[in-house]
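# An overview of the molecular structure
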Amino acid sequence: MGPEHAQHAADGLYEVGRRPPLGAYLAEAWRRRSFALRLAGYRLVGGLLRNRLGLLWIVLRPLLMAIMYGTIFHFVLSGSARPQDFVQYLLVGVFIFEFFTGSFGGGAKAITGNAKLVQSLGFPRILLPVSIVAEQAMRMIPVLVLLGILLVVLGEPITWSWLAIIPILSVMAIFNLGAALIVARMSVHARDVQQIIPIINRVLFYVTGIFFNVDGALAGYPVALTIAHLVPTYGFIAISRDVMLQSYTAPTLAWIAAPAWAIIAIVVGVIYFWQAEARYGLSD
């Protein structure tokens, strides 16, 4: 080992084109976690400064989506497909789903959108997808505040169960990171993946039952209903509704599937992303 290589090792750095062992890689990423948090903060502030309404856009986007879908489907839905307390049901669904779409879409550009950074020496590239999910988590703070205010205005009582939304979103963040890691690597090898992300998000938006009652709509199709309950985004949104809405109870399968998906996603995502670590700095 030459003196320059030894110095890099002492600093916790490694050369582009070399993949460190997984344990050392994760340890180094944890040691440099403040970099990911600072990057997330800079990206968040920079994005807000480019818009005249700034911070308001964080809450305006999900609110406008909820108003749009609420107005349309208020007149379309009927019978068992229409959830009880439709407006509250829709608000929780749209606001929580935004956490996933932001992480998933941003994760796809985590490496390709930082080409100059990944071609330099010295940090685990996993920190880039981590910073994306951290940024989206920061965005969720004002979103959750607005959601709580709207639910109270609509007559939803404040209960201790609302506090459970914090661990639920923490587990969801783990799932989001796993998904972001997978698409981050995939988009490096095929940029077309970034074109498919909006389509995947739209499909998940509908199968998750953001604006309709999945259990009521699929009551006569038990196999399809079970499959719907196993959709990762459905699980997280269903249990979020369970703790925040008095009129909704999530199926037991959702409470089991959501943390299971988080474990699967983060394990697969970390290993899959790490395996290509040596090639990120060599990408165009």
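So, here is what we can say about the structure in this document. Small disclaimer: the values here were computed from a predicted structure and weren't measured. (Residues numbered from 1 in each chain as written. Predicted model: local features only at pLDDT ≥ 70, side-chain atom pairs only at ≥ 80, totals over all residues. Heavy atoms only, no water.)

## Thoughts on the overall build of the protein chain
What counts is decided by this rule: Secondary structure elements are taken from DSSP: a helix is a run of H or I of four residues or more, a strand is a run of E of two residues or more, and numbering for both begins at the N terminus. Note on classification: 1.4 Å probe, protein chains only; a residue is buried when its accessible area is under 20% of the maximum for its type, exposed when over 50%, partly exposed between these limits. The contact criterion used is simple: two residues touch if any of their non-hydrogen atoms lie within 4.5 Å.
When you go through the protein chain residue by residue, the secondary structure sums to 14 helices and zero strands. Each helix (α) and strand (β) of the protein chain, taken in turn from the N terminus, gives the series α-α-α-α-α-α-α-α-α-α-α-α-α-α. Across the 284 residues that make up the protein chain, the buried fraction comes to 49%. Of all intrachain contacts in the protein chain linking residues separated by at least 6 positions in sequence, the fraction that spans at least 24 positions is 78%.

## Points about the pattern of salt bridges
Spelled out, the test is: When a carboxyl oxygen of Asp or Glu is within 4 Å of a side-chain nitrogen of Lys or Arg, the pair counts as a salt bridge.
The full count for this structure, using the stated rule, is four salt bridges. Between R31 and E28 there is a salt bridge, and its shortest N-O distance comes to 3.2 Å. Of this pair, R31 and E28 are both found in helix 2 (residues 22-31), three residues apart, which corresponds to roughly one turn of the helix. What makes R31 partly exposed here is its relative accessible area of 48%. A salt bridge links R32 to E28; the nearest nitrogen and oxygen atoms lie 2.1 Å apart. Judged by relative accessible area, R32 falls into the partly exposed class, the value being 22%. It is possible to trace a salt-bridge network through shared partners that takes in E28, R31 and R32.

## What to know about the nonpolar core
We apply this condition: Only buried residues count toward a nonpolar core, which is a set of Ala, Val, Leu, Ile, Met, Phe, Trp, Tyr and Cys residues joined through side-chain atoms within 4.5 Å.
In this structure, F95, I96, F100, I111, I210 and F273 are the most contacted members of the largest nonpolar core, which totals 79 residues. Beyond its immediate sequence surroundings of up to four residues, F100 is in contact with M172, F175, N176, A179, N201, L204 and T233.

## Describing unusual backbone geometry
For D85, which is not glycine, the phi torsion reads 55° and is therefore positive. With respect to the helices and strands, the residue D85 is situated in the loop between helix 4 (56-76) and helix 5 (86-108).

## Here's the deal with the packing of aromatic side chains
Put simply, the rule is: Aromatic pairs are defined between Phe, Tyr and Trp rings, using the six-membered ring for Trp, whenever the two ring centres lie within 6.5 Å; interplanar angles under 30 degrees are classed as stacked, those over 60 as edge-to-face, and all others as tilted.
Applying the stated criterion to the full structure yields twelve aromatic pairs. Note on F97 and F100: the rings are 6.1 Å apart at their centroids and 45° apart in plane angle, and the pair reads as tilted. Highlighted residues: F97 and F100, both in helix 5, separated by three residues, approximately one helical turn. Judged by its relative accessible area of 3%, F100 is buried.

## So, the layout of surface pockets
What counts is decided by this rule: A pocket here means an open set of points on a 1 Å grid, computed over the protein atoms alone, that has protein on both sides within 12 Å along at least five of seven lines. A cavity is instead a set of points where a 1.4 Å probe fits but cannot get out; residues with an atom within 4 Å of a point line either one. Grid points are joined across faces, edges and corners, and a volume is the space filled by probe spheres set on the points. Polar here means any residue other than Ala, Val, Leu, Ile, Met, Phe, Trp, Tyr, Cys and Pro, which are nonpolar, and Asp, Glu, Lys and Arg, which are charged; Gly is therefore polar.
Of the pockets and cavities examined, the second largest pocket occupies roughly 210 Å³. Residue lining of the second largest pocket: L37, V130, V133, A134, A137, M138, S170, A173, I174, L177 and I266, and that is the complete set. In terms of residue count, the dominant contributor to the lining of the second largest pocket is helix 7 (residues 127-153) (five residues). Classifying every residue of the lining of the second largest pocket gives ten nonpolar, one polar and no charged.

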